[in-house]
Amino acid sequence: KAVLLLLRGPSAMVNEDDFKVAVTIVFALLILCLLFYAVRALCLIGSIGCCIADVCKCCTRCFCKCFKQDKEGGAVATGGAAAGALDPLHRAGNWGALMLMICAIFMSIIWQFYIGEHMDEWKLVRDAWQDNCDPDDGDYPQCAEYAATYRVSFATVIFFLGMACVCAFEPRLHDEGWDIKFFAWLGIVTLFIFAPNRVFDDHGYVWPARIGAFAFLILQQIILVDFAYTVNEKLTEMGMREGEDGLTPPLLLLLGISVACYSLAFAGIVCLFHYYTGCTNSDAFISITFIMIVIFTIAQLFSDPALGHNILVSSVVAGGGVFFSYVRGS
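Rules behind the numbers
- Residues numbered from 1 in each chain as written.
- Predicted model: local features only at pLDDT ≥ 70, side-chain atom pairs only at ≥ 80, totals over all residues.
- Heavy atoms only, no water.
- Helix = DSSP H or I, 4+ residues; strand = E, 2+ residues; numbered from the N terminus.
- Expected span 1.5 Å × (residues − 1).
- Buried < 20%, exposed > 50% of the residue type's maximum accessible area, 1.4 Å probe, protein only.
- Contact = heavy atoms within 4.5 Å.
- Polar contact = N/O pair within 3.5 Å; in protein donor to acceptor, adjacent residues only side chain to side chain.
- Core = buried A, V, L, I, M, F, W, Y, C linked by side-chain atoms within 4.5 Å.
- Axes fitted to C-alpha atoms, helices over the stretch in contact; angles between N-to-C directions.
- Parallel < 35°, antiparallel > 145°, perpendicular 65-115°, else oblique.
- Left-handed = near helix turned anticlockwise from the far one by under 90°.
- Disulfide = S-S within 2.5 Å.
- Salt bridge = Lys/Arg side-chain N within 4 Å of Asp/Glu carboxyl O.
- Nonpolar A, V, L, I, M, F, W, Y, C, P; charged D, E, K, R; others polar.

Peer 1: Teacher, can you tell me more about helix α11 (residues 311-329) here?
Peer 2: Since there are 3.6 residues in each turn of an α-helix, residues three or four apart along the chain are aligned in direction. Look at α11: 27 Å from first C-alpha to last across 19 residues, which is about the 27 Å you get at 1.5 Å a residue. Buried within α11 are the following residues: Leu312, Val313, Ser314, Ser315, Val316, Ala318, Gly320, Val322 and Ser325. Looking at the packing, one finds that the buried side of α11 touches α8 (206-241), α9 (249-275) and α10 (280-301). Taking the backbone nitrogen of Leu312 as reference, a side-chain oxygen 3.3 Å away marks Asn310 as the first, capping residue of α11.

Peer 1: What exactly am I supposed to notice about the nonpolar core here?
Peer 2: Within the largest apolar cluster, 28 residues are counted, with the highest numbers of intra-cluster contacts made by Met107, Trp111, Met119, Trp129, Trp185 and Ile193. The set of elements that each furnish at least two residues to this core consists of α4 (92-115), α5 (126-129), α6 (142-169) and α7 (178-192). Among all residues touching Trp129, those that are not within four sequence positions of it are Trp111, Gly116, Met119, Asp120, Ala144, Ala147, Ala148, Arg151, Ile193 and Asn197. Residues Tyr262, Ile269, Leu272 and Ala318 belong to the second largest nonpolar core, which totals 8 residues.

Peer 1: Would you explain the packing of α4 against α6 in this entry?
Peer 2: If you want to describe how two helices pack, look at the angle between their axes and the distance between the axes. In contact at an axis separation of 8 Å, α4 and α6 are set at 165 degrees when each is read in the N-to-C sense. By the angle between their directions, the pair α4 and α6 is classed as roughly antiparallel. Helix-helix and strand crossings are classified by hand; for α4 and α6 the assignment is right-handed. On α6, the residues touching Ala97, Leu100, Met101, Ala104, Met107, Ser108, Trp111 and Gln112 of α4 are Glu145, Tyr146, Ala148, Thr149, Arg151, Val152, Thr156, Phe159 and Phe160.

Peer 1: Help me out: how do you make sense of the state of the cysteines in this one?
Peer 2: In a disulfide, the sulfur atoms of two cysteines are held together by a covalent bond. Going through the model one piece at a time under the given rule, you end up with 1 disulfide. The residue that forms a disulfide with Cys133 is Cys143, at a sulfur-sulfur distance of 1.9 Å. With the S-S dihedral at roughly 75 degrees, the linkage between Cys133 and Cys143 falls on the right-handed side. Taken as a pair, Cys133 in the loop between α5 and α6 and Cys143 in helix α6 lie far apart in primary sequence, 10 residues in all. As far as burial versus exposure is concerned, Cys133 and Cys143 are alike and both buried.

Peer 1: I'm lost on the pattern of salt bridges in this one. Help?
Peer 2: Inspection of the entire model under this criterion finds 4 salt bridges. The shortest N-O distance in the salt bridge between Arg172 and Glu170 comes to 2.9 Å. Under the relative-accessibility criterion, Arg172 is labelled partly exposed at 48%. Relative accessible area serves as the criterion here: at 33%, Glu170 is assigned to the partly exposed category. One salt bridge connects Glu176 with Arg172, and the closest N-O pair in it is separated by 2.9 Å. If you follow the salt bridges from partner to partner, you end up with Glu170, Arg172 and Glu176 in one network.

Peer 1: Looking at this model, I keep getting lost on the side chain of Ser258. Mind explaining?
Peer 2: Within the element layout of this structure, Ser258 appears in helix α9. For Ser258, a relative accessible area of 3% gives the class buried. In contact with Ser258, not counting residues within four places along its chain, are Ile311, Leu312 and Ser315.

Peer 1: Would you take a moment to explain the side chain of Thr289 for this structure?
Peer 2: Along the chain, Thr289 turns up in helix α10. The exposure class of Thr289 is buried, given its relative accessible area of 13%. Looking at Thr289, its side chain comes within polar contact range of the main-chain oxygen of Phe285, at 2.7 Å. What Thr289 contacts, discounting residues up to four positions off in sequence, is Ile269, Gly321, Val322 and Ser325.

Peer 1: Help me out: how do you make sense of α9 in this one?
Peer 2: Over its 27 residues, α9 extends 38 Å from the first C-alpha to the last, a length consistent with the 39 Å expected when each residue adds 1.5 Å. Taken as a whole, α9 has its buried residues at Pro250, Leu251, Leu254, Ser258, Tyr262, Ala265, Gly268, Ile269 and Leu272. Where α9 is buried, its residues touch α8, α10 and α11.

Peer 1: How should unusual backbone geometry be read in this particular structure?
Peer 2: Among all residues save glycine, negative phi is the norm, and among peptide bonds the norm is trans. Even without being glycine, Asn132 reaches a positive phi, approximately 60 degrees. Mapped onto the elements, Asn132 comes out in the loop between α5 and α6. On the basis of relative accessible area, Asn132 is assigned to the partly exposed category, the value being 39%.

Peer 1: I would appreciate a short explanation of the packing of α8 against α9 in the present structure.
Peer 2: Remark: α8 packs on α9, axes separated minimally by 7 Å, with the N-to-C direction vectors making an angle of 150 degrees. In this structure, α8 uses Asn232, Leu235, Thr236, Met238 and Gly239 to contact α9, whose residues at the interface are Pro250, Leu251, Leu253, Leu254 and Ile257. Of the residues belonging to the contact of α8 with α9, the class tally is 7 nonpolar, 3 polar and no charged.

Peer 1: How do you make sense of the environment of Tyr114 when you look at a structure like this?
Peer 2: By the secondary structure assignment, Tyr114 is in helix α4. Considered as a pair, Tyr114 and Glu145 are 31 residues apart in the sequence and their alpha carbons are 8.7 Å apart.

All we've got here are geometric facts, nothing functional implied.
Below you can see the structure in the form of structure tokens.
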């Protein structure tokens, strides 16, 4: 209380509740900035270690080249390798995008569960946040919490779409200027605080987001299946290379992963039937998921392995299906 009075001053005319909401938002943004730079500092420490190792390796190669008679080709190759290895922007864009996504997730969680329902107490944005989300409606405060998440999501989509367009003409900008980019993203989020809810709810952003989320889930399943096939091939190849009959350690590991995935999947099905039944849609999704797991597992057990079928892929898909049913039911 004393801090608020000190910051406001004796002659301030700002409502105390509005000021508290504004200060909460500012502190949340500051925490996200500190988190962003803390992660950047850790990455910088790792990059410094890698640069030191690359310098030592380069010096060793140059020292060895001095004792060889053919120096021209080696010097060129070593210089090119060193230039690529010491590039401070190597994969900086990937790390920057990952850290920004982590900050977006944290901001969504904080905004949805701790700040969203209080946003209409701030007079400057009250009309925007009560648009299609009146406190007298039955959906309140859930609609306000969802509106907070939609704002962060839409700001992130706009940021990465803009990045894609810019980098299509100037690819090097993908790795440069992530400090400025981070504050640009924060600026978009801040502007969206004053935008009405109809821009983000079922009248605007939500439906394109749903279509994009469906496409992402399909892509995610393809990546998951491809990863499971790769792991199965590697472990099977290692198991066959041992030269022993029966279950070698790599094959035992493969079997253990499959059993673990199936165990988690069926435990999840039991929990879903226990905690999330009673709604027609939830019951239908859970039942269909369970039936499809059983059908595809039986099909895998009785299929020809020469066709590329394996039990690991089925177990991974079963676990993914149960997780999506949980997301749908919850």
